[in-house]
Amino acid sequence: MATEEDSAVKEPLDLIRLSLDERIYVKLRSDRELRGKLHAYDQHLNMILGDVEEIVTTVEIDDETYEEIVRVCYYFTASFSKIWIIALTVLKAKI
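Residues numbered from 1 in each chain as written. Predicted model: local features only at pLDDT ≥ 70, side-chain atom pairs only at ≥ 80, totals over all residues. Heavy atoms only, no water.

As named in an unreviewed UniProt entry, the chain is Sm domain-containing protein, taken from Gossypium raimondii. If you open the UniProt record of the chain and go to Subcellular location (unreviewed entry), you find "Nucleus". According to the UniProt record, the Sequence similarities (unreviewed entry) comment for the chain reads "Belongs to the snRNP Sm proteins family." (UniProt positions renumbered as here; feature names shortened; annotations may be inferred.)

A. Highlighting the pattern of salt bridges. If you walk through the whole model with that rule in mind, you get five salt bridges. For the salt bridge of arginine 35 with glutamate 53, the shortest nitrogen-to-oxygen distance reads 3.1 Å. Highlighted residues: arginine 35 in strand β2 (residues 32-41) and glutamate 53 in strand β3 (residues 47-61), separated in sequence by 18 residues. In this structure glutamate 53 comes out as buried when scored by relative accessible area, which is 13%. For arginine 71, the salt bridge is made with glutamate 60, and the minimal N-O distance between the two is 2.7 Å. Note that arginine 71 is positioned in strand β4 (residues 68-76) and glutamate 60 in strand β3, a separation of 11 residues in sequence. (Salt bridge = Lys/Arg side-chain N within 4 Å of Asp/Glu carboxyl O. Helix = DSSP H or I, 4+ residues; strand = E, 2+ residues; numbered from the N terminus. Buried < 20%, exposed > 50% of the residue type's maximum accessible area, 1.4 Å probe, protein only.)

Spelled out as structure tokens, the structure:
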């Protein structure tokens, strides 16, 4: 049985540890987003996700009307056996 200490969030990686086997949302560069089940991670925040859904948002400007055209594309993995390995860059701010 998990104790209260096991489920406490004391450091940022604790929150990720508590999210194992849960569906998570990952925001990437270039307006890309991923949603998937977190299978594993390491101290560098490389993640292994399964059942992944990728969302790509693009914004274009119409040359004639100068209006923004927003396109959202969804991509899904074809089966439960596919796994994505994601390398994330994390910047630590000095305060």
